[in-house]
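Given next are the chains, with one letter for each unit.
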Amino acid sequence: MVLGTEDATPVTFWFAVAPGASVGMDDLVVVGTRKPDGRPVHFYGIVDHVRTRHEGVTFDSDVQDVVAGLLPASVSYAARVLVTRVDPEDFIPPQPGDEVRHARGGDLALALSADKMDHSFPGGLLTDGQVLPINYGFVNGEQGGHINISGISGVATKTSYALFLLHAIFRGGVLARRREGHNTRALIFNVKGEDLLFLDKPNRRMGEKEGDLQARKGWREGRYARLGLPAEPFRDVQFLAPPKGGAGDVIVPDVEQRSAGVTPFVFSLREFCQRRMLPYVFPDGSGSLNLGFVIGNMEEKLARLAAGDDAPYLTVEDWQPDTEVLLSENLRFDEMGKTRVETFAALISYLEYKLLEQNEGEGDPKWVLKQNQGTLRAFIRRLRGVQKHLAPLVRGDLTPAQAAKYRPDLLKQGVQTTVVDIHKLGAHAQSFVVGVLLRDLFEHKERYGRQDTVFVVLDELNKYAPREGDSPIKDVLLDIAERGRSLGIILIGAQQTASEVERRIVSNAAIRVVGRLDLAEAERPEYRFLPQSFRARAGILQPGTMLVSQPDVPNPVLVGYPFPAWATRRDEVAEEVGQGAEDAGKDWLGL
C-alpha cells in the first residue's frame, strides 16, 4: 500500500511491501486511486529504491536484542516508485493506503507506453522476464532516430548490445509488418580484432549459456523464445577487409582467422583523386588554416588531373621520375610521352615535385599559390607519414576489371549486413576508410532519397567525432546525426565516454543506452537523463545488462539480453569455418 508517512506526489511515492511479497529495483508497478467524483486514476511506475528497517526501536545496537527476541519490533519493507505514466493525465497524488501491484500484461504495456507505439521491436528482457518494447518510430527516423551506447570497454558489451538490437530489428517481425525487410540494411565497422567476421556462423556456446540461465531462473522457455526472436546467426552478410600489402595481380584480404568469404576492397588512384578523398587523409588538417588551404588546393588540382579518363592510374606529362620505368605492355597511344602514376607513393612524389622541386625548388606557381615552403613541406611530410598505411588501399596498378571488382559496394544486391574490417589499419587509415565510406553513403542517400534504411554501427565515436576540433569525418558524422534520419541513415554509435564526443551527435540520439560506467563519468551532464539512483548503479552493472532510455518512457529501464546466437570469435564457431587452402586460393584468384 502507498505509505502515509512519506510524501506521495504525481511523480514519485513510497509504498509498503506486504509480508511474504518481494519487490526489487526495476520492478514495474501500478496503483489506482479515485478522485472525489469517483473517477479512477492509475499511476504506472518503476521501482528505483527499496529499503528495510526495524520499527519500534531507537538505537542501531537494538537490532541484536530484537533478533534475540528481547525487544519487540517489526520490519518495515518499503519501495520508492518513479512514475512513468498517469492515466488519465490528472496529476493528483495517489492516496495513502491505495493498493500497489506488479504491472503485468496490459498494465505493463501502459507503464511502458506500448499502446502508443505503432510498431515496436524487443529491446531486451526486464528483470521479471517480460519484454521491453522499443518504439521503432524513434529508431528509423520517422519520429526520431539514432541510438547512442556508452560504457566501459570490455564490460559494458556495447557492440554486443548493438548487434542484438540489429538482430531484433531484422528478425523481430517489425520489418515484415512494415514490408521493409527487403530494403533495410546494416553497415558495421569492425575495429577490434576479427570478432565480427563470424556473424554468419552459429555460436556453439549459446545453447549451454542460455540453458544454464533458463534453469537458474526456472523459466519454461529460453530468452530468445520470450523475446520472440530466432536463435540464429545473421543472414545475407558480406565481409570486406583491406588487402595485404605489396604489389601484384593477386589481391588477398588481410585477415588471419577466416580463410574464405572475405572480400578485399581497394580504391583506385583515379577514384582517390576524382572523388576528392585527399582531405580524409588528414583527420586534423583543418586545425591549421594554412595547411587546410594547401589540402583544399591539392584536392582541386588532383580532381582536375583525374578528370576525363577512367583508367585506374593517372598520367602526367610534366614529370619524369628518377627511377627507370619499363614501358607497359598495354600502353595506349595517347599516353606516349607521359608518365603513369600507379602507386600512392608515386602520387606523393609527383606532388612533392610540383610543390617543392620544380623550377629549381620554387615549385609550380599554379600549384604553390604563394604558400610558405614550411607549410608545403609539412603537407608532404604528413603524406609520407601515412604512405605505408594507405599504399595497399589506394592503388593504380590494377586493371579496370580489378578496380571494379574490388570497389567496396555497401549496398550490394542481396546483402543485408556489411561488415568492414578495419582493425588492422593504423589510426589514420581507419579514419580514412570510415570517412570515405560514410561520405559516399551519405551522398548516395542525398541523390536517391529515403529508399533504403541503413543502420551504421560505429564504435569509438570519441575518436572519429571528438568534442574538440574539426575534421572531415566529424563533419560527415554531424551530417548523419542531424540530417541522416530524414535520409534513412541511422547511426548506432558507441563510446566509452559520451562526455568526449561531440555534443550534437550524442544529443541527436533518440535512444540512449548505458552499460557499466566509471562513476566519475556517470556524474557528467551527458548522463542527466539518468535519475541519481540509476547513475549510482551504472558503476556496478554486469555484462549483459543495460539501462535503456527512450522518449516514450520518462525513466530508463534495466534490461538483459541473451547470449549471442552468432559467433563472436573463431573458437565459438559451431561449424568448421572456411574451406581448404586450395579452394581459398581459387576464391581469392577468382577461379
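Here goes a summary of the coordinates provided. (Residues numbered from 1 in each chain as written. Predicted model: local features only at pLDDT ≥ 70, side-chain atom pairs only at ≥ 80, totals over all residues. Heavy atoms only, no water.)

1. Examining the overall build of the chain
Part 1: Each helix and strand in the chain was counted, giving 19 helices and 21 strands.
Part 2: Its C-alpha atoms give the chain principal-axis dimensions of roughly 105 × 55 × 50 Å.
Part 3: Burial analysis of the chain (591 residues in total) assigns 53% to the buried set.
Part 4: Counting contacts in the chain only where the partners sit at least 6 residues apart, residues at least 24 apart contribute 73% of the total.
Part 5: Surface summary for the chain: the accessible area is close to 26700 Å², and the carbon and sulfur share equals 49%.
Part 6: Looking at the chain, you have 70 positive and 80 negative side-chain charges, and the mean spots of the two groups are 2 Å apart. (Helix = DSSP H or I, 4+ residues; strand = E, 2+ residues; numbered from the N terminus. Buried < 20%, exposed > 50% of the residue type's maximum accessible area, 1.4 Å probe, protein only. Contact = heavy atoms within 4.5 Å. Areas by Shrake-Rupley, 256 points an atom, 1.4 Å probe, with all protein chains shown as cover. Lys, Arg positive; Asp, Glu negative; His and termini not counted. Charge placed at Lys NZ, Arg CZ, Asp CG, Glu CD.)

2. Looking at the layout of surface pockets
Part 1: When its volume is computed, the largest pocket comes out at roughly 1100 Å³.
Part 2: Around the largest pocket, the lining comprises 47 residues; the ones closest to its centre are T157, S160, P543, G544 and Y561.
Part 3: Among the elements of the structure, α3 (158–171), β9 (184–190), α5 (206–217), β17 (453–458), β18 (489–495) and β21 (553–560) are those that each provide at least two residues to the lining of the largest pocket.
Part 4: With six residues, the top contributor of residues to the lining of the largest pocket is α5.
Part 5: Classifying every residue of the lining of the largest pocket gives 22 nonpolar, twelve polar and 13 charged. (1 Å grid on protein atoms, 1.4 Å probe; cavity = no way out; pocket = protein on both sides within 12 Å on 5 of 7 lines; lining within 4 Å. Points joined across faces, edges and corners; volume = space filled by probe spheres on them. Nonpolar A, V, L, I, M, F, W, Y, C, P; charged D, E, K, R; others polar.)

3. Let's talk about α5
Part 1: Taking 1.5 Å as the rise per residue, α5 with twelve residues should run 16 Å; its terminal C-alpha atoms sit 16 Å apart, in good agreement.
Part 2: Considered for burial, the residues of α5 that qualify are M206, E210 and L213. For α5, the arc enclosing every buried residue in end-on projection is 60°, short of the 170-degree limit, so these residues lie on one face. Away from its buried face, by an angle of more than 90 degrees, α5 presents the exposed residues E208, A215 and R216.
Part 3: For α5, the elements touching its buried residues are α6 (223–227).
Part 4: Where α5 ends, the next residue or the one after it, G218, has phi of about 75°, a positive value. (Expected span 1.5 Å × (residues − 1). Arc of directions from axis to C-beta.)

4. A few points about empty space enclosed by the protein
Part 1: Under the defined criterion, the tally for this structure stands at one cavity of 30 Å³ or more.
Part 2: Taken as a whole, the largest cavity spans an internal volume of roughly 40 Å³.
Part 3: Secondary structure elements with two or more residues in the lining of the largest cavity: β8 (147–150) and β18.
Part 4: For the lining of the largest cavity, the per-class residue count stands at six nonpolar, four polar and no charged.

5. Topic: the environment of K209
Part 1: Inspection of the secondary structure puts K209 in helix α5.
Part 2: Judged by relative accessible area, K209 falls into the partly exposed class, the value being 38%.
Part 3: For the pair K209 and P564, spaced 355 residues apart in the sequence, the C-alpha separation amounts to 9.7 Å.

6. Focus on the pattern of salt bridges
Part 1: Per the counting criterion, the structure on display carries 41 salt bridges.
Part 2: Residue R270 is joined to D309 by a salt bridge in which the shortest nitrogen-to-oxygen separation is 3.8 Å. Of this pair, R270 sits in helix α7 (residues 269–274) while D309 sits in the loop between α8 (289–306) and β13 (314–316), and the two are 39 residues apart along the sequence.
Part 3: The class for R270 is buried, based on a relative accessible area of 3%.
Part 4: You can call D309 partly exposed: its relative accessible area is 23%.
Part 5: Salt bridges here are not isolated pairs; linked through shared partners, they connect E271, R275, R407, R439, D440 and E443. (Salt bridge = Lys/Arg side-chain N within 4 Å of Asp/Glu carboxyl O.)

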